[in-house]
Amino acid sequence: MDDFKHVLLLGTGPVTIQLAVLFKNHFQSQVGIAGRNSHRSEQVMAALRESGNRLFTTVQNESHRLMEGECCADQVFQGYESITGAWDTVILSVTADAYLHVLGSLNRNLLLHVKCLILISPTLGSNSLVHNYIKELGSNAEVISCSTYLGDTRWIHGVPSNGAITTGVKRKVFIGSTRGTSYNLDSLNQLYNVLGIALSIMRSPLEAESRNISLFVHPPLFMNHFSLSAVFGQSPGRKYVYKLFPEGPITHRLIHEMLECWKELSGIFEALNLPSLNLLKFMTDDNYPVRPESLPQHDIDNFLSLEPIHQEYLLYIRYASLLIDPFSKPDPEGKYYDFSAVPIQPVFINREGEWDIPRMPKEDYYRIKIIQGIAGQLKLSCPTIDKFIERYEQQLVSSAEALQGQAVSGAFHVQSFSEDIRIVNMGEFK
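My aim in this report is to walk through the structure given alongside it, one point at a time. (Residues numbered from 1 in each chain as written. Predicted model: local features only at pLDDT ≥ 70, side-chain atom pairs only at ≥ 80, totals over all residues. Heavy atoms only, no water.)

## Thoughts on the overall build of the protein chain
Our working rule: In this description a helix means any DSSP run of H or I spanning at least four residues, a strand means any run of E spanning at least two, and both kinds are numbered starting from the N terminus. We compute the radius of gyration over the C-alpha atoms and compare it with the globule rule, which gives 2.2 Å times the number of residues raised to the power 0.38. Any two residues whose heavy atoms approach within 4.5 Å at even a single point are treated as in contact. Here the Shrake-Rupley method, with its probe set to 1.4 Å, supplies the accessible areas, and only the displayed protein chains count as covering residues. We score Asp and Glu as negative and Lys and Arg as positive, and we do not count His or the chain ends. In plain terms, the charge of a residue is placed at NZ if it is Lys, CZ if Arg, CG if Asp and CD if Glu.
Counting secondary structure elements, the protein chain contains 16 helices and 14 strands. The C-alpha atoms of the protein chain give 21 Å as radius of gyration, which agrees with the globular expectation for 430 residues (22 Å, within 12%). With the C-alpha coordinates of the protein chain rotated into their principal frame, the extents come out at 60 × 55 × 50 Å. Sequence-distant contacts in the protein chain: of pairs separated by 6 or more residues, those separated by 24 or more amount to 73%. Summed over all atoms, the accessible surface of the protein chain reaches about 18,800 Å², with 51% contributed by carbon and sulfur. The averaged location of the 45 negative side-chain charges in the protein chain is 1 Å from the averaged location of its 37 positive side-chain charges.

This is the structure we're talking about:
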């Protein structure tokens, strides 16, 4: 059985370029690429036409050279409705909030032929959304969820084209399938091992989706008044996501809300029969480590048994310890790499000429609304999550009013995502 013989990648971002090169060169897949009709997609398609469908990837660090490569796409489609042929595996390399729209744009017979769907950047409940959607169509395809994309891949020189650069690679990615175990999971495990990435196979896709650090940190980091003012252009000067106030949003209050959000997510996980998660251990051991002089391993391991004020203290210490990269080499003046200097991106004019909201927090809005919908189905109270959503939606309303008369994207509208929530909550969670 070889479900990676004919692979169709949906989306025309840099992640698609990197994945196409990996699947083509590792599995010798016949690769197709399809994107929506948009200005950015057209730029990528034009570059592909001019180069004979050539794709190439490079890396920023020599240690990641296994991500480098080039290949030729076998078929390219502009517009999801235009896709033809028989595809064994479909890789959704689009944002989680676009899954339903993209799948709904595909020819039904094409989708019924597919044996496997891979969700590269899902959120909690995305597998249930896709699995329940295709099940209603009559498909029993395997649906695989990754906790997150395997690294950080961008456009070379920031311009959409047929080339991408991978600037970082994760140490560990969690993955789960509707089949539990499968040949496709084993094949992906082999690929990730070759790349030097530990692939942890979970009991279910929902468990894999619950191991995305963004679930725990993005809502508190972005859905506060400081960050929202920076995103929506109401505060002067550049602000930074991971810096302490006043350079960034991190205050004692934010850390308190991060802890409360984690507790509410833990309650949802318990109701869904998912394993509990030690937040501090997950942050340090599975994401970004800090030096033991800053956070002793004993405190990390015993985080769950500590009093809330002690937990907040340790979380604050964790962020303070990552203001610089503690493992970087200091310069002659003793300065370490400014690890926390990730700018909060403001609203911008997109390539369609509309005011738009950056992926952070636009994706986080969808992510947290789905979580709220799951909590509602489970009859669970989540006041902190509700507070994040209320803050964000109030900002959407006031910003849309301020931009009245100008072209704005749909991201400026308060949304219910009710259809996605309905499908996510159908039947048993996968």
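## Details of the pairing of strand β8 (residues 142-146)
Rule in force here: Remark: exposure states derive from per-residue accessible area (1.4 Å probe, protein chains only) relative to the maximum for the residue type, with buried under 20%, exposed over 50%, and partly exposed in between. Two strands pair if DSSP finds at least two bridges between them. Orient the strands so they point away from the viewer; a crossover is then right-handed if the path from the first strand over the helix to the second runs clockwise.
Most of β8 sits inside the fold, with five of its five residues counted as buried. Taking every second residue as pointing to the same face, both faces of β8 are buried, with E142, I144 and C146 on one and V143 and S145 on the other. Alignment of strand β7 (residues 116-119) against β8, held across four bridges, turns out to be parallel. Note that in β8 the partner of L119 across the bridge is S145. Handedness of the crossover is the feature at issue here: the chain leaves β7, passes through helix α5 (residues 126-137), returns alongside β8, and the resulting connection is right-handed.

## Section: the sheet that holds strand β6 (residues 89-92)
Rules: An axis is simply a line fitted to the C-alpha atoms; with a helix, the fit covers only the stretch in contact. Between two such axes, the angle follows the N-to-C directions and lies from 0 to 180 degrees.
Pairing is mixed in the open sheet, where eight strands are placed in the order β5-β2-β1-β6-β7-β8-β11-β12. Either end of the sheet is taken by a strand with one partner, and the two such strands are β5 (75-78) and β12 (198-201). In this sheet, adjacent strand axes meet at a mean angle of 20° when their direction is disregarded. Sitting on the sheet, α5 touches β7 and β8, and the angle it makes with β8 is about 165°.

## With respect to the packing of helix α10 (residues 252-271) against helix α15 (residues 383-402)
Packed helices, taken two at a time, are described by the angle their axes make and the gap between the axes. Applied cut-off: An angle below 35 degrees is read as roughly parallel, one above 145 as roughly antiparallel, one from 65 to 115 as roughly perpendicular, and any other as oblique.
The interhelical angle for the contact between α10 and α15, taken along N-to-C directions, is 120°, at an axis separation of 8 Å. Judged by the inter-axis angle, α10 sits oblique to α15. Listed contacts from α15 to R253, E257, E260, C261 and E264 of α10 are P383, T384, I385, K387, F388 and R391.

## Quick notes on the packing of aromatic side chains
Quick note on the threshold: Paired rings are identified among Phe, Tyr and Trp, the last through its six-membered ring, by centres lying within 6.5 Å, and are further divided according to the angle between planes into stacked (under 30 degrees), edge-to-face (over 60) and tilted (the rest). Charges are assigned to positions over rings by a cutoff of 6 Å between ring centre and Lys NZ or Arg CZ, combined with an angular limit of 35 degrees from the ring normal.
One pass over the full model with this rule turns up 15 aromatic pairs. Just above the ring of Y319 sits the side chain of R318; from NZ or CZ to the centre is 4.9 Å.

## Observations concerning the pattern of salt bridges
For the record, the criterion: By salt bridge we mean one thing: a side-chain nitrogen of Lys or Arg within 4 Å of a carboxyl oxygen of Asp or Glu.
Enumeration over the complete set of coordinates arrives at 21 salt bridges. Two residues, E42 and R49, come together in a salt bridge whose shortest N-O distance is 2.7 Å. Two residues, R154 and D152, come together in a salt bridge whose shortest N-O distance is 2.8 Å. Here D152 falls in the partly exposed class, since its relative accessible area comes to 30%. One salt-bridge network, in which partners are shared between bridges, spans R253, E257, K387 and R391.

## Considering unusual backbone geometry
Excluding glycine, a negative phi dihedral is what most residues carry, and trans is how most peptide bonds are arranged. Cis peptide bonds are those with omega within 30 degrees of zero, and the linkage from F245 to P246 qualifies with 10°. In this structure, P361 follows M360 across a cis peptide bond, with omega equal to 25°. Of note in this structure, N273 is not a glycine but carries a positive phi near 60°. Note on placement: N273 falls in the loop between α10 and α11 (279-285).

## Thoughts on the state of the cysteines
Where we set the bar: Two cysteine sulfurs form a disulfide in these notes if their separation is within 2.5 Å.
For the structure shown, the criterion picks out zero disulfides. Considering cysteine sulfurs only, C72 is the nearest to C71, which forms no disulfide, with 6.8 Å between them. Just so you know, C382 is unpaired, no disulfide at all, and the nearest cysteine sulfur is the one on C261, 8.4 Å from it. Classification of C382 as buried rests on a relative accessible area of 5%.

## Describing the environment of Q394
Position of Q394 among the secondary structure elements: in helix α15. The exposure class assigned to Q394 is partly exposed, which follows from its relative accessible area of 47%. When the C-alpha atoms of Q394 and F77 are compared, they prove to be 39 Å apart, with 317 residues separating the residues in sequence.

## Topic: the nonpolar core
Our working rule: Definition used in this section: a nonpolar core is a set of buried Ala, Val, Leu, Ile, Met, Phe, Trp, Tyr and Cys residues joined via side-chain atoms within 4.5 Å.
Among the nonpolar cores identified, the biggest contains 94 residues, and L10, I83, L117 and F216 are the most heavily contacted of them. Considering each element in turn, this core owes the most residues, nine residues, to α10. Sequence-distant contacts of L10, that is, excluding residues within four places in its chain, are made with T16, A34, Y80, I83, V90, I91, L92, S93, V94, V102 and L106.

## As for the sheet that holds strand β10 (residues 163-169)
Spatially, β4-β3-β10-β9 is the arrangement adopted by the four strands of the open sheet, whose pairing is mixed. At either margin of the open sheet sits one strand with a lone partner, and together these are β4 (69-72) and β9 (151-155). Here the average twist between neighbouring strands, direction ignored, is 25°. Pairing geometry for strand β3 (residues 54-59) and β10, over four bridges, is parallel. Directly across from F56, in β10, lies its bridge partner G163. In the packing of helix α1 (residues 14-27) onto the sheet, contacts are made with β3, β4, β9 and β10, and the angle to β4 comes to roughly 85°.

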